[in-house]
Amino acid sequence: MEEWKRSIGTLSDEILIKLAKMLDNSTCGWRQLANAVSEQPKFRCSERELTSCSLQVLTAAGSPARTMLALLAERSCSLDFLLHCLRKMEHQEAVQFLTTAVAEQIQITVQPQSQEAAPGSNVVLTCRASGPPGLGYQWFKGKQEILGESGNSSELVLCPLSPTHQGHYICRISHGEKFVFSKWAQVRLIISAGCSSSLFPGSVSGLHIIQRPQSQAASEGDTLVLECTAEGNPPAQYEWYHNKVPMPQQKTSSLRIPCVTTAHRGEYTCKVFNLYHEVWSSTATVTIGPSSVTDASWVEVDRGLESQEVHKTYVPGTHPLQQIASSPPSAKDVYATDKVALLIGNMNYIYHTQLCAPISDVHELTNLLRQLDFKVVSLLDLNWQEMHSAVTEFLLLLDKGVYGLLYFAGHGYENYGNSFMVPIDAPVSYTSDHCLCVQNILTKMQEKKTGLNVFLLDMCRKRNPHDDVIVQPGLLKVTANIVFGYATCVDAEAYEVKREDVSNGIFINFLKRRVCEDEKVTVMLDRVAEDMGRCVITRGRQALELRSNLSERRSLTDRIQVSECSASSSARNLQWAIAHVLPESRCLQFDCGVKVQLGFAAEFSNVMVIYTRILDKPDEIVSCSAQLTDFPEDVDIDLKKSNQESLLEAGCLLLIKEKLPSPEAHSLYTHIRSLQRLKRELTFTICLHYTYSNMDEEVQERQQVTVGKPLVSKLNLHEPRAAHVSSASSSFSLDSFNVPGCSSFGEDLSLTGTASNTWSHHAQSASVSFTGGSPTSPRSANVPEETDSPEILDNPRPLVASKSLPHSKVNDSNYKFSDMYNFHSY
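Criteria and thresholds
- Residues numbered from 1 in each chain as written.
- Predicted model: local features only at pLDDT ≥ 70, side-chain atom pairs only at ≥ 80, totals over all residues.
- Heavy atoms only, no water.
- Helix = DSSP H or I, 4+ residues; strand = E, 2+ residues; numbered from the N terminus.
- Contact = heavy atoms within 4.5 Å.
- Areas by Shrake-Rupley, 256 points an atom, 1.4 Å probe, with all protein chains shown as cover.
- Polar contact = N/O pair within 3.5 Å; in protein donor to acceptor, adjacent residues only side chain to side chain.
- Buried < 20%, exposed > 50% of the residue type's maximum accessible area, 1.4 Å probe, protein only.
- Arc of directions from axis to C-beta.
- Axes fitted to C-alpha atoms, helices over the stretch in contact; angles between N-to-C directions.
- Parallel < 35°, antiparallel > 145°, perpendicular 65-115°, else oblique.
- Left-handed = near helix turned anticlockwise from the far one by under 90°.
- Nonpolar A, V, L, I, M, F, W, Y, C, P; charged D, E, K, R; others polar.
- Pairing = 2+ DSSP bridges.
- Core = buried A, V, L, I, M, F, W, Y, C linked by side-chain atoms within 4.5 Å.
- pLDDT = per-residue confidence, 0-100.
- Phe/Tyr/Trp six-rings, centres within 6.5 Å; stacked < 30°, edge-to-face > 60°.
- Lys, Arg positive; Asp, Glu negative; His and termini not counted.
- Salt bridge = Lys/Arg side-chain N within 4 Å of Asp/Glu carboxyl O.

(A) Just the overall build of the protein chain, in detail. Scanning the protein chain for helices and strands turns up 13 helices and 41 strands. Here the contacts in the protein chain between residues at least 6 apart in sequence split such that 73% fall between residues at least 24 apart. Looking at the protein chain as shown, the accessible area adds up to about 36600 Å², and 50% of this sits on carbon and sulfur atoms.

(B) Focus on the side chain of His689. With respect to the helices and strands, His689 occurs in strand β39 (residues 683-692). Among the polar contacts made by the side chain of His689, one reaches the side chain of Glu698 at a distance of 3.0 Å. Ignoring any residue separated from it by four or fewer positions in sequence, one finds His689 in contact with Ser623, Cys624, Ser625, Gln627, Glu698, Val699 and Gln700.

(C) Just helix α1 (residues 13-23), in detail. What α1 keeps buried is the set Ile15, Leu16, Leu19, Ala20, Met22 and Leu23. End-on view of α1: buried residues confined to an arc of 155 degrees, all on one side of the axis. Those residues of α1 that are exposed and angled more than 90 degrees off the buried face are Asp13 and Lys21. In this fold, the buried residues of α1 make contact with α2 (30-37), α4 (64-74), α5 (79-89) and α6 (92-104).

(D) Quick peek at the packing of α2 against helix α3 (residues 47-54). Relative to each other, α2 and α3 sit at 155 degrees, their axes nearing to 11 Å. With respect to their mutual orientation, α2 and α3 come out roughly antiparallel. Seen along the crossing, α2 lies across α3 with a hand that is right-handed. Taken together, the residues of α3 that come into contact with α2 (itself represented by Trp30, Arg31 and Ala34) are Leu50, Cys53 and Ser54. Partitioned by chemical class, the residues of the contact of α2 with α3 number 4 nonpolar, 1 polar and 1 charged.

(E) Focus on the pairing of strand β27 (residues 418-421). Alternating residues of β27 divide into Asn418 and Phe420 and Ser419 and Met421, and every residue in both groups is buried. From the end of strand β26 (residues 412-415) to the start of β27, which pair antiparallel, there are 2 residues, and Tyr416 there has a positive phi angle of about 50 degrees. Examined bridge by bridge, β27 and strand β28 (residues 436-437) share 2 bridges and lie antiparallel to one another. Pairing of Met421 across the sheet is with Leu436, part of β28.

(F) Summary view of the nonpolar core. Residues Leu342, Leu379, Phe408, Met421, Ile441, Phe455 and Phe484 are the most contacted members of the largest nonpolar core, which totals 46 residues. Ranked by residues supplied to this core, first place goes to helix α8 (residues 384-396) with 6 residues. Sequence-distant contacts of Met421, defined by excluding residues within four places in its chain, comprise Met387, Leu406, Phe408, His411, Cys435, Leu436, Val438, Ile441 and Met459. Val362, Leu405, Ala487 and Phe507 belong to the second largest nonpolar core, which has 44 residues in total.

(G) Here's a closer look at the environment of Val523. Checked against the element boundaries, Val523 lands in helix α11 (residues 521-533). For Val523, a relative accessible area of 30% gives the class partly exposed. Residues Val523 and Arg553, spaced 30 residues apart in sequence, show a C-alpha to C-alpha distance of 9.4 Å.

(H) View of the confidence of the model for the protein chain. Residues of the protein chain with pLDDT of at least 70 account for 76%, and the chain-wide mean is 76. pLDDT under 50 marks residues 291-331. Its contacts with residues more than four places away, or in other chains, come to 64 contacts. Confidence over residues 723-826 falls short of pLDDT 50; this stretch has 294 contacts with residues more than four positions distant or in other chains.

(I) Highlighting the packing of aromatic side chains. Taken as a whole and judged by the stated rule, the model has 12 aromatic pairs. Centroid distance Tyr241 to Trp280: 5.0 Å. Interplanar angle 50 degrees. Geometry classified as tilted. Of this pair, Tyr241 sits in strand β15 (residues 237-242) while Trp280 is found in strand β19 (residues 278-280), placing the two residues 39 residues apart along the sequence. Assessed through its relative accessible area of 41%, Trp280 is described here as partly exposed.

(J) Inspection of the sheet that holds strand β38 (residues 667-672) at higher detail. With antiparallel pairing, the 4 strands of this open sheet are ordered in space as β34-β35-β36-β38. Edge positions in the sheet fall to β34 (586-589) and β38, since each has one partner strand and no second. For this sheet, the mean angle separating the axes of adjacent strands, direction not counted, is 25 degrees. Of the strand pairs in this sheet, β34 and strand β35 (residues 595-604) are connected by 4 bridges, and their pairing is antiparallel. The partner of Arg586 across the bridge, within β35, is Leu598.

(K) The side chain of Lys339, seen in detail. Tracing the sequence through the fold places Lys339 in strand β23 (residues 338-345). Asp373 provides the closest opposite charge to the buried, unpaired Lys339, separated from it by 5.2 Å. Side-chain polar atoms of Lys339 contact the backbone oxygen of Leu372, separated by 2.8 Å. Separated by 2.7 Å, the side chain of Lys339 and the backbone oxygen of Asp558 make a polar contact. Other than its neighbours up to four places away in sequence, Lys339 contacts Leu372, Asp373, Phe374, Lys375, Val402, Tyr403, Leu556, Thr557, Asp558 and Ile560.

(L) Fine view of the pattern of salt bridges. One pass over the full model with this rule turns up 25 salt bridges. Residues Glu545 and Arg461 are paired through a salt bridge, measuring 3.0 Å at the closest nitrogen-oxygen approach. Taken together, the residues Glu545 in strand β33 (residues 545-548) and Arg461 in the loop between β29 (452-458) and β30 (482-486) connect sequence positions 84 residues apart. Glu519 is the partner of Arg527 in a salt bridge, and the nearest nitrogen-oxygen pair spans 3.5 Å. Salt bridges sharing common partners tie together Arg514, Glu517, Glu519, Arg527, Asp531 and Arg534.

(M) Representation of the pairing of strand β7 (residues 155-158). The two faces of β7 differ: Leu156 and Leu158 on one face are buried, but Glu155 and Val157 on the other face are not. Relative to β7, strand β3 (residues 123-126) runs antiparallel, the two being bridged by 4 bridges. Bridge assignment links Val124 to a residue of β7, and that residue is Val157.

(N) Representation of unusual backbone geometry within the structure. Here the bond from Cys159 into Pro160 is cis, since omega is -10 degrees, no more than 30 degrees from zero. Checked against the element boundaries, Pro160 lands in the loop between β7 and β8 (167-175). You will see that Tyr416, though not glycine, has its phi angle at about 50 degrees, which is positive. Along the chain, Tyr416 falls in the loop between β26 and β27. Backbone geometry places Asp491, a non-glycine residue, at a positive phi of 60 degrees. Structurally, the position occupied by Asp491 is in the loop between β30 and β31 (495-497).

(O) α3, seen in detail. Looking only at α3, the buried set comprises Glu49, Leu50 and Cys53. Each buried residue of α3 lies within a common arc of 100 degrees when the element is viewed along its axis, so the set occupies one face. Those residues of α3 hidden inside the fold are in contact with α2 and α4.

(P) The packing of α2 against α4, seen in detail. Orientation of α2 relative to α4, taken along the N-to-C sense of each, is 20 degrees, at an axis distance of 9 Å. Here α2 is positioned roughly parallel relative to α4, judged by the angle of their axes. Note that α2 runs across α4; the crossing there is left-handed. Counted together, Trp30, Leu33, Ala34 and Val37 of α2 and Pro64, Ala65, Met68, Leu69 and Leu72 of α4 form the full contact between these two elements. Considered class by class, the residues forming the contact of α2 with α4 number 9 nonpolar, no polar and no charged.

This is the structure we're talking about:
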């Protein structure tokens, strides 16, 4: 009964459509199926998913049951469990239909494999399938049927092999009017060059390591070199491991990692092997310390109660972050050593009202901040663990003099002067234990001696009646560089304007017109508040509140000047760039002769678009398309919107496709969200559908593709950064942020040069030389460009995204209060 272990996704569309029709009813239908499958938690549907199913009745060809079956297929629900649930529902018609359909369905169990053999030898191509009794087999070489008994059996025997047998073979399995095709198998003739076994004469020698890797200590920014040399016959091959995890890019006797960070500390071992032997080196322990300082001395100036200067001199080797400036810089001398921003937009809450505006608000603010040379990490829909990890990584990017900006759009509340950001998995009656306290984050930012700390909180500030705990954040230092911009006042709500295409929050609608002004941050926000006050629909409902102790004239437009600690700055830039690297565009060759291009573009740091294009096909193939399927369960993909002909149909509201590379280049787009939950390398299947000119049947050919861990998935935000200790006095333990000053952005340094299809800003950051200085990004529109390899396309044209959503003026005629929705705090 192996056929019943298969996933629902293996059923044909015809079977799924007929089954869905039987379940599209209110008495014993898809809702009862949803209740039945919920006995296993992984198949339990949320209210949002059930609502999505029910709304399918509003479309002409929509089917709630078909959508429900697609959700179960996406979660790898087996056919036997589906049959169990249908029996539990006592839906006899569906049980009988599914039992018959599975019994009659043809499923290939053994695919023919490509082979190479010498002339005169025997070659056997095998194809087997399960299904109803009496399956018929027919082999083809190219488009021609192979006649005779051999061509009508499950095994095709080519004997003796001759040059006429070279080519591509495929098998058709049929039963009555039903049929399926196998994948293509290529048979090649090889002429022996007379190579004998005397290549390794005598007995095979052993494998001996003559130089073992040595433990060592390094500083951030240094180059790490480990050596392992072995003698053997055949020659030795090498594979390096870091903390027992293989390093795929390190396959030589010398392991070299430039510009190391704390992510590279740990244990290294080398596996040495050849055709007959395998040995392991001893373990080398590598410790990574803070960056070294070569300056002669550092001076700290303390001012006591009587304003007397006290000088303390630090000898060489003292960490530069211990330096405190002797006097505040003048306005013309104000600069940032770097600028880093974390933007979080939470919309799809599991137990609370879903929001519409955060996706466009984060997108617009991302584009504007990048024009101001900010390194921006933009993330959508994070749960508690992911928000905690994202903030941890954000803090690790901060350093002395760095401008840090945190923007949050979503549900929130304020109790006893503390602001709390609500993750998407917060329970119905959430408390501070389920949320992130902004004031706790501020205390950790101050420990980094940042030059400017800006918080833009686009959320409600109503009191939470379920939370009576008074959170005690850490003590704040007097740094005179803190700015809080609240979208609304205390005990008030923040609103969003809902439109047909996209929505915007009221706060961002006004902020986006002022944020690039070369003014002190507080002056800029004051002007935003004045603009909001002149809008009639917000008067009495929402007003920006500014809290600040900023003493210097610091602006978001300030220039970046690299500090003396160039190694630390270089490591930080490299860490940030790696988390924004997309997989390389690649060209895939299928056995039937079709060439497919696979490309990538980023919408957010955890949202990506994959597209396929047919670059070349044989003349005898009249139609073909390359569709993506079999994605891991970790990522979020709407199956109904995958493999669409336009970005908007694929669910990309913010990427606008202006033109394709050429009129003939047909493209299909798939929108992938929640990359931060990807636990392993992203692997999926490209299914090529094509039809020959003299054949009515459609043929399918599949290739599995692995593209690594794209964008922010390298950071493993789903993993705890430190043990969380709940207490009655703290929403969550930010003491877990006490880790060395470099993050896991440096997990895979080898990817820095592979961003062939990434956004132009990211590609520049990823490929910049870090030997000194700071990378500066252009103040131009944020345009995602393809930079395809010349061998793939002769004249590539850019896939263009809009710089920003239309900056239409906000006035009383544009909005009605009936179109406004608030970010409910509970």
